[in-house]
Amino acid sequence: MVNKVALLIGVSEYEPGFIPLLGAVKDVDAIQRVLANPEMGGFAETDITVLKNPQRQDMEDAIYRLYADRHRDDLVLFYFSGHGIKDERGNLYLSTRITRKQNGKLVKPSAVAASFLHESINDSRSQRQVVILDCCFSGAIAQGMTVRDDDTVNLQEQLGGKGRAILTSSTSTQYSFEQIGSELSIYTRYLVEGIETGAADHDEDGWISVDGLHEYASIKVQEEAPAMTPKFYPVEEGYKINIARAPVGEPKLMYRRKVEEIARKRQGKISLINQMSLEELRHSLKLPSEEANAIETDVLQPYLIREQKLQRYEQALSEAIQRQNPLSDEDWSDMKDLQQVLRLRDEDVAPIVERFRNEKVSPIVIEVPLETGTLTEQISFNNDDTVVKTQSESLLSRWKLLAFGLVSVALGMVINKIWTDKPLDQHPLLVSQQTYSKSLFTDIKDDVPSGIFNYGLSTTWAPIRGNADQEIQKAFPNFQLKYIVFPLEETGSLTSIEKLLDKSVAFAQYSYPLTEQQKKKFKEIPVAVDGVAIAVHPELSISSLTLDELKRIYTGEVTNWIKVGGPDLKITPLSRNVAGGTVKFFKEKVLGDPEYSFAPLIVKKVQSTTLGLQEVYKDKGGIYFASASEVLGQCMVKPLWLGKDRNNLVPPHQKLSTDQISKCPKNPNKLYKANVNAFSDQSYPLTRKLYVVVKQDGSIDQKAGEAYAKLLLTRQGQDLIETSGFGRIR
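It should be emphasised that the depicted structure is a prediction, and the values quoted were computed from it without experimental measurement. (Residues numbered from 1 in each chain as written. Predicted model: local features only at pLDDT ≥ 70, side-chain atom pairs only at ≥ 80, totals over all residues. Heavy atoms only, no water.)

Student: Explain the overall build of the protein chain to me, please; I cannot follow it from the model alone.
Tutor: Across its full length, the protein chain carries 22 helices and 34 strands. When each of the 730 residues of the protein chain is scored for burial, the buried share is 53%. The long-range share in the protein chain, meaning contacts at least 24 apart out of those at least 6 apart in sequence, stands at 71%. Surface exposure of the protein chain reaches about 33600 Å², of which carbon and sulfur atoms provide 49%. (Helix = DSSP H or I, 4+ residues; strand = E, 2+ residues; numbered from the N terminus. Buried < 20%, exposed > 50% of the residue type's maximum accessible area, 1.4 Å probe, protein only. Contact = heavy atoms within 4.5 Å. Areas by Shrake-Rupley, 256 points an atom, 1.4 Å probe, with all protein chains shown as cover.)

Student: Whenever I open this one, the pairing of strand E23 (residues 522-536) confuses me. Can you help?
Tutor: Successive side chains on a regular strand alternate, one facing one side of the sheet and the next facing the other. Within E23, 13 of the 15 residues are buried, which leaves it mostly tucked inside the rest of the structure. Sheet topology note: the E23/strand E33 (residues 687-695) ladder contains nine bridges and is antiparallel. Paired with Asp530 across the two strands is Arg688, which belongs to E33. Note that E23 and strand E34 (residues 727-728) share two bridges and pair antiparallel. Its bridge partner lying in E34, Ala528 is registered against Arg728. (Pairing = 2+ DSSP bridges.)

Student: Hey, could you run me through the packing of aromatic side chains in this one?
Tutor: The description of two aromatic rings rests on the distance between their centres and on the angle between their planes. According to the stated counting rule, one finds 13 aromatic pairs in the structure shown. Measuring from ring centre to ring centre gives 5.9 Å for Tyr455 and Tyr708, while their planes differ by 65°; the resulting arrangement is edge-to-face. Of the two residues, Tyr455 sits in strand E20 (residues 451-457) while Tyr708 sits in helix H21 (residues 700-712), which places them 253 residues apart along the sequence. For the pair formed by Tyr455 and Tyr708, the shared burial category is buried. Members of the aromatic cluster, connected to one another through ring pairs, are Tyr554, Phe586, Tyr596, Phe598, Tyr624 and Phe625. (Phe/Tyr/Trp six-rings, centres within 6.5 Å; stacked < 30°, edge-to-face > 60°.)

Student: Whenever I open this one, the packing of helix H16 (residues 547-554) against helix H17 (residues 581-591) confuses me. Can you help?
Tutor: Packed helices, taken two at a time, are described by their axes: the angle between them and the distance between them. Between H16 and H17, the shortest axis-to-axis distance is 9 Å and the interhelical angle comes to 120°. Residues Leu547, Leu550, Lys551 and Tyr554 of H16 touch H17, and the partners they reach there are Phe586, Val590 and Leu591. By residue class, the composition of the contact of H16 with H17 is six nonpolar, no polar and one charged. (Axes fitted to C-alpha atoms, helices over the stretch in contact; angles between N-to-C directions. Nonpolar A, V, L, I, M, F, W, Y, C, P; charged D, E, K, R; others polar.)

Student: Any chance you could explain helix H6 (residues 210-224) here in plain terms?
Tutor: The α-helix advances 3.6 residues per turn, and as a result positions three or four apart in sequence lie on the same side. Here H6 spans 21 Å end to end across 15 residues, near enough to the 21 Å set by a 1.5 Å rise per residue. With 12 of 15 residues buried, H6 is to be regarded as a mostly interior element. Taken as a whole, H6 has its buried residues at Val210, Asp211, Gly212, Leu213, His214, Tyr216, Ala217, Ser218, Lys220, Val221, Glu223 and Glu224. (Expected span 1.5 Å × (residues − 1).)

Student: How should the pairing of strand E27 (residues 622-627) be read in this particular structure?
Tutor: Extensive coverage of E27 is indicated by the burial of six of its six residues. Relative to E27, E23 runs antiparallel, the two being bridged by five bridges. In the sheet register, Val536 faces E27, and the bridge partner there is Ile623. As judged from the two bridges shared by strand E25 (residues 572-576) and E27, these two strands associate in the parallel manner. The residue of E27 that forms the bridge with Pro573 is Ile623.

Student: Sorry, what's going on with the environment of Val248 here?
Tutor: Mapped onto the secondary structure, Val248 falls in the loop between strand E16 (242-245) and helix H7 (251-265). Separated by 50 residues in the primary sequence, Val248 and Gly198 have C-alpha atoms spaced 8.6 Å apart. With residues near it in sequence (within four places) discarded, Val248 still touches Asp205 and Gly206.

Student: Could you clarify how one ought to interpret the nonpolar core in this entry?
Tutor: The tendency in soluble globular proteins is for nonpolar side chains to be buried as a group. Grouped together as the largest cluster of nonpolar side chains are 58 residues, with contacts concentrated most on Ile534, Leu545, Leu550, Tyr554, Trp561, Ile623 and Leu686. Examining the composition of this core, we find that seven residues originate from one element, E23, more than from any other. With sequence-adjacent residues up to four places away left out, Tyr554 is seen in contact with Pro573, Leu574, Phe586, Leu591, Tyr596, Phe598, Ile602, Val603, Ile623, Tyr624 and Phe625. (Core = buried A, V, L, I, M, F, W, Y, C linked by side-chain atoms within 4.5 Å.)

Student: Honestly, the sheet that holds strand E30 (residues 649-650) in this entry has me stumped. Any pointers?
Tutor: Consider a sheet: its strands pair through backbone hydrogen bonds, and that pairing is either parallel or antiparallel. Strand order in this open sheet of three strands is E24-E29-E30, and the pairing throughout is mixed. Because the sheet does not close on itself, it has two edges, and the strands there are strand E24 (544-546) and E30. As judged from the two bridges shared by strand E29 (residues 641-643) and E30, these two strands associate in the antiparallel manner. Each bridged residue has a counterpart across the sheet, and for Gly643 the counterpart in E30 is Leu649. The sheet strands contacting H16 are E24 and E29, and the helix crosses E24 at an angle near 85°.

Student: Whenever I open this one, the sheet that holds strand E15 (residues 231-235) confuses me. Can you help?
Tutor: Strand order in this open sheet of six strands is E2-E1-E3-E9-E12-E15, and the pairing throughout is mixed. The sheet terminates laterally at strand E2 (48-52) and E15, the two strands that pair on one side only. Ignoring strand direction, the axes of neighbouring strands in this sheet form an average angle of 10°. Pairing geometry for strand E3 (residues 75-81) and strand E9 (residues 128-134), over seven bridges, is parallel. Across the sheet, residue Leu75 finds its bridge partner in E9, namely Arg128. Packing against the sheet, helix H5 (residues 186-197) makes contact with E3, E9 and strand E12 (164-168), and its axis sits at approximately 135° to E9.

Spelled out as structure tokens, the structure:
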């Protein structure tokens, strides 16, 4: 009788010196689920052995039993998720929960040698053997990703053999990564997806072979993290081993295959024509729109994650260039480190780097104050010799003449920059402008310390960092603000205290008030007022909600838009999947309980606001909440008016007085700006203060945070806050 047996090992817990791999035991659960499913893997539950965080002896005993006394046609599967380590001779070891190092070297009796696994495999009579290693060989950690162990090991030599297939999450010279915050490691996640959906049946014969499974997972991994290169080592007929069944002609699978085909051709983009084609296919397959949308979300997720990584790289590069242009060798080294952490290849970031290198000098804007103190004329001079003027009706000609003279000087500076390639910050005119800017920050220059100060955390603050912080850097070049990029699940207000305590940041940008207990050690300084906007699909025939209606939507009491004056359409509430300041504020202000837990069957979780807005655009019934600065100006959504009742509805936006033709003809949201006055006076119902938070320890970090807050509270600072889309605090 032919048997199918499996040993699944996951090691998440480690001795000091090794990074815990939180997803490893979850990897094992997921693999067990698909193998034991009679319609998929078809393994008997009694023939699947699971070890979580085993001791070394237990692990070796289980490996021995897996391969001993097997028949020739038995399918034997070994799966391992955890750290892999190599000794000083380059030999591979698989970690256990007691694995440790001494003086930087592996304590060999604490781990399982790959040679033991090799011997067990070779002693077995089975000629259908599958080995899946979701690990590599280094214990370092990279920001935002947990790094597994790595070095050069020839797996085919150490684990190869007849009738054998070895699948690995990376090459022998690459790191293999567990995505922090994700339920499963990236490679295992797509192995499981390939089996569960049937999408790994590459020849559509109803069977998933190990090479088809690896091919599917490998493509998905590289869509999300291009620098990772999963490898497949078939020996003799190993690639032909069938590991699971797949449905044939199943509507969801057919639809998924078409979406994947389009996504790969268009690098994760689905055009309007593609959407029409998919809609026709959906109808012909009689597939509900909810299921089709879910499939599209799954297929596009790795592309969206990759795009998010590219955006984070671009943001970091932009902020670095704003601090210093050209970048130093040290800055470029830091950018290279970030690129490796994000698992992006050189060819992925090359267009971003090239775009910044070729970017024209930013337009120089000169404001000429009039005698009344209320009127200005702005003249922008661009590098293409185009002068753009916005005139105030009562401008006097002498002020026009003065402005023209100043622009001419600015033009000369730009021409000199172009011809001599001299850095702009060395030009006398720009130096004088910096001095001029500094004078507008009142007389607090003596309170601004010199040095490099790490800061960040709240995602709500992004527009301020891109606007006000740039001006602060220009005015105080020795007060160097370094924005720190943390993993997504660690980026937010509610992780700020932890980051202040371990000195990851000198001061934190915060969007939720401190508790009374926290105020004993930390100080919050309010500097701005934010409005949280509610985003829906631009074509949804609804323009407003009350707070009570919003509450009933997010608690599951109202599930159809028709109940709140909209169309007969199912509501899909969305929220970020991390407990950031915005999520906690929303729960407190709307639901009445900051610790309220969204039911997963009611509220769909997304990793970021970018993904949340994209979900709303794809699902006409979607609704999402975020800072108004993140919602306004997006073609894909529209903001709703809000009120405590129907008689007091207030919009989070105000329409600009412009005749500019919107690039979003079905959604004029591009012409909106924040309703900052309604935020400041709190007539808009969802407003909250933004804070600078410092640790009260008398350190230079505290002084830096307080100085930063003081700068934002000056007249110019508040002006910049307002232009960033937030209300003034004073």
